[in-house]
Every structure is written in structure tokens, then in C-alpha cells.
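Read off the chains here:
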Amino acid sequence: MDGLISFDGLLSAAGAVGLDAVAITDHDTISGAVEFADWVRRRGAALQVIVGEERTLADGSHFIGLFLREPIRAVELGEAICEIEGQGGLCLVPHPFRRKDGLLRNGMEPLAVLSGRPVGFELFNAKCAAEENERARRLLGTDLAPFGGSDAHYECDLGECVNEIEWVGDLRRSVERMLRREGTVRVLGKPQAPGAAERRYAPWYYRFKRYARVPKVLLPAAKQCYRRYRNWKHGVGRKPLREVYRHA
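Residues numbered from 1 in each chain as written. Predicted model: local features only at pLDDT ≥ 70, side-chain atom pairs only at ≥ 80, totals over all residues. Heavy atoms only, no water.

(A) Spotlight on the overall build of the protein chain. A count of helices and strands for the protein chain gives eight helices and nine strands. Computed over C-alpha atoms, the radius of gyration of the protein chain comes to 18 Å, within 12% of the 18 Å expected from 2.2 N^0.38 for 248 residues, which places it in the range of a compact globule. In terms of principal-axis extent, the alpha carbons of the protein chain reach across some 50 × 45 × 35 Å. Contacts in the protein chain between residues far apart in sequence, at least 24 positions, make up 68% of those at least 6 positions apart. Summing over all exposed atoms, the protein chain offers an accessible surface of approximately 12600 Å²; the carbon and sulfur share of this is 52%. Between the mean site of the 38 positive side-chain charges and the mean site of the 33 negative ones, the protein chain shows a separation of 6 Å. (Helix = DSSP H or I, 4+ residues; strand = E, 2+ residues; numbered from the N terminus. Rg over C-alpha atoms; globule rule 2.2 N^0.38 Å. Contact = heavy atoms within 4.5 Å. Areas by Shrake-Rupley, 256 points an atom, 1.4 Å probe, with all protein chains shown as cover. Lys, Arg positive; Asp, Glu negative; His and termini not counted. Charge placed at Lys NZ, Arg CZ, Asp CG, Glu CD.)

(B) Structural view of the side chain of Glu160. Within the fold, Glu160 resides in the loop between β6 (145–149) and β7 (161–165). With near-sequence residues (within four places) excluded, Glu160 lies in contact with Phe124, Ala126, Ser150, Leu188, Gly189, Lys190, Arg199, Lys239 and Leu241.

(C) Quick peek at the sheet that holds strand β8 (residues 185–189). Read across the sheet, three strands follow the order β7-β8-β9 without closing on themselves; strand pairing throughout is antiparallel. Pairing within the sheet leaves two strands with one partner each, and these edge strands are β7 and β9 (242–247). Strand-to-strand twist of the sheet, defined as the mean angle between neighbouring strand axes without regard to direction, takes the value 15°. Looking at chain direction, β7 and β8 are connected through five bridges and run antiparallel. Looking across to β8, one finds that Ile165 is bridged to Val185. (Pairing = 2+ DSSP bridges. Axes fitted to C-alpha atoms, helices over the stretch in contact; angles between N-to-C directions.)

(D) Fine view of the side chain of Arg98. The topology assignment puts Arg98 in the loop between β4 (90–93) and α4 (111–114). Residues in contact with Arg98, not counting those within four places in the same chain, are His62, Arg105, Lys127, Cys128, Glu132, Asp151 and Glu198.

(E) Geometry of unusual backbone geometry. Of note, Phe67 is a non-glycine position whose phi angle comes to about 60°, a positive value. Looking at the secondary structure, you find Phe67 in the loop between β3 (62–66) and α3 (77–86). Of note in the backbone geometry, Arg181 takes a positive phi value of approximately 60° without being a glycine. Its location among the elements puts Arg181 in the loop between α6 (171–179) and β8. For Arg181, a relative accessible area of 26% gives the class partly exposed. (Buried < 20%, exposed > 50% of the residue type's maximum accessible area, 1.4 Å probe, protein only.)

(F) Seen up close, the sheet that holds β4. Pairing is mixed in the open sheet, where six strands are placed in the order β1-β2-β3-β4-β5-β6. A strand with exactly one partner marks an edge of an open sheet, and here the two such strands are β1 (21–27) and β6. Strand-to-strand, the axes of this sheet are offset by a mean angle of 35°, without reference to chain direction. For β1 and strand β2 (residues 48–56), the ladder comprises seven bridges, and the chain directions are parallel. Paired with His27 across the bridge in β2 is Glu54. Packing of α6 onto the sheet brings it into contact with β1, β2, β4, β5 (119–125) and β6, and relative to β4 it is tilted by some 45°.

(G) Quick peek at the packing of helix α1 (residues 7–17) against helix α2 (residues 31–43). For the pair α1 and α2, interaxial distance at closest approach is 11 Å and the crossing angle is 65°. Compared by their axis directions, α1 and α2 come out roughly perpendicular. Where α1 crosses over α2, the handedness of that crossing is right-handed. Residues Phe7, Asp8, Leu10 and Leu11 of α1 pack against Gly32, Glu35, Phe36, Trp39 and Arg43 of α2. Partitioned by chemical class, the residues of the contact of α1 with α2 number five nonpolar, one polar and three charged. (Parallel < 35°, antiparallel > 145°, perpendicular 65-115°, else oblique. Left-handed = near helix turned anticlockwise from the far one by under 90°. Nonpolar A, V, L, I, M, F, W, Y, C, P; charged D, E, K, R; others polar.)

(H) Expanded view of α3. Restricting attention to buried positions, one finds in α3 the residues Leu77, Ala80, Ile81 and Ile84. Buried residues of α3 fall within an arc of 100° about the axis and therefore sit on the same side. Turning to α3, the residues buried within the fold contact β3, β4 and α4. Downstream of α3 by one or two residues, Gly88 has phi in the positive range, about 80°. (Arc of directions from axis to C-beta.)

(I) Local environment of the nonpolar core. One finds Phe36, Phe63, Leu103 and Leu114 to be the most contacted residues of the largest nonpolar core, which totals 57 residues. The biggest single contributor to this core is α2, with five residues. Apart from residues lying up to four places away in sequence, Phe36 is in contact with Phe7, Leu10, Leu11, Val22, Ile24, Leu47 and Val49. Of all hydrophobic cores here, the second largest spans seven residues; its members include Cys156, Tyr201, Ala202 and Tyr226. (Core = buried A, V, L, I, M, F, W, Y, C linked by side-chain atoms within 4.5 Å.)

That's the geometry; what it means functionally is another story.
Below, the structure written as C-alpha cells:
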């Protein structure tokens, strides 16, 4: 379990940030995204939910599909693209140069597979180190289209990066136009100082974990306590953002 945002918390945080839509891209599953989308519809809320998945490929890299109806089964890049496009989805490359799981961390060869398609790359990831985000700027010279992501694991993370895109009457069409570099697009991200490190969660716990572990029975309560602490410390709602990218 990579994040601890509750359904109520996510809906409330999206409202506080001012989001019209949010993409849910859990690791290797769409079940939570589907459940949240159904929950939002039952509530009659205005928030639009994009069902997605952050798929772990065979080499450990991550690849995202949006507007999915079925989970992604493939673990090879080309096959994953075919699955996503086959169900009418859109493809994204998250944190392309992140050292542990970026698709392009070991070289630019995957670009040949992505070429000619409406594929987005994450120009700014609010969780990534500044150096990784800066390296992503080199992809502006390719035919991939930039987008930004909050990579939110807690409510307070939501809104650390926002995409402002032109509405053309349908959410999927609007996002696809962004990935084709059409229409008006702005990516807004949190200010990031040169040399800034990756966002870290509970660093004190991982230092303590070397010597002693929290009993499993207490872990759920401990995680919820940390969630409340982090949301209190960083605040839920709009964040100061700077323009990272603009296409008009």
C-alpha cells in the first residue's frame, strides 16, 4: 500500500485545491480507481475521475495508462501500449529519469517504441528530485507531450502540481489534445530549489526501523497517525505554484 488517502479525504482535498478532475493511478491495479469513481458518482459530486494504472514493467520501470476499463496485464512496454490503446486509453511516461524506476533511466531506446503516438511524459513530478525533473526537460525536443503530476500519497500532496488544459466538451478528448500538443496547456508545479531531494515520507521511522519494528497489529494505527500529522504539517488545499510549462 503506497498511499493512505481516504475517499472522503481525496474528494475534500480536490475541492480545496480547485480541481475539476483527478487521475487515480495506483500501482498495478485499477480496483481502487474504479471504486472511487463509482463512489464519487453515487455522491453526485462534480469531480471527474480518470481511472488509470501505474504499471510496473519487467525491467522495474513504470508506465501509466489512463481512461482504462481493464487492468494492464503486459509487462513489456510495446505490449502494454497495445493493451492501453486497445481499450481506448492514453499512455504516459511518469518520472522518466527517476533512478529506481524511470523508463529512460538506462537510456533513450524506449523512445523508438513511443514515437508517433499521443504519449505524455512527466515534465514535472512533485515528488521527484530537482535534478530528475531538470533532466526531463530534454524530452521537450521529442514528439512526446509534457504533463505534470503531484504523485500524491497523502491529501496534503494533492495540488503540488496541476495541469490546466483547454476543455473541448469531453475529458478524454481534452486530455488527448494535450498529449498531441494542441490547445492551451499550462503545467504549474511547486517551487523547487536546485539540488532539492526527492520527497521522503517518515524518514525518522526508517532510521528507527533498523533497530526495532512496530508490531504489525499497530501498523494501521501508526500509518493513520502519520497521515494526520503530515496533513496537519503541510496543509490540505491550494499550494504556491510556479509555471513550469506553457503551450498556447
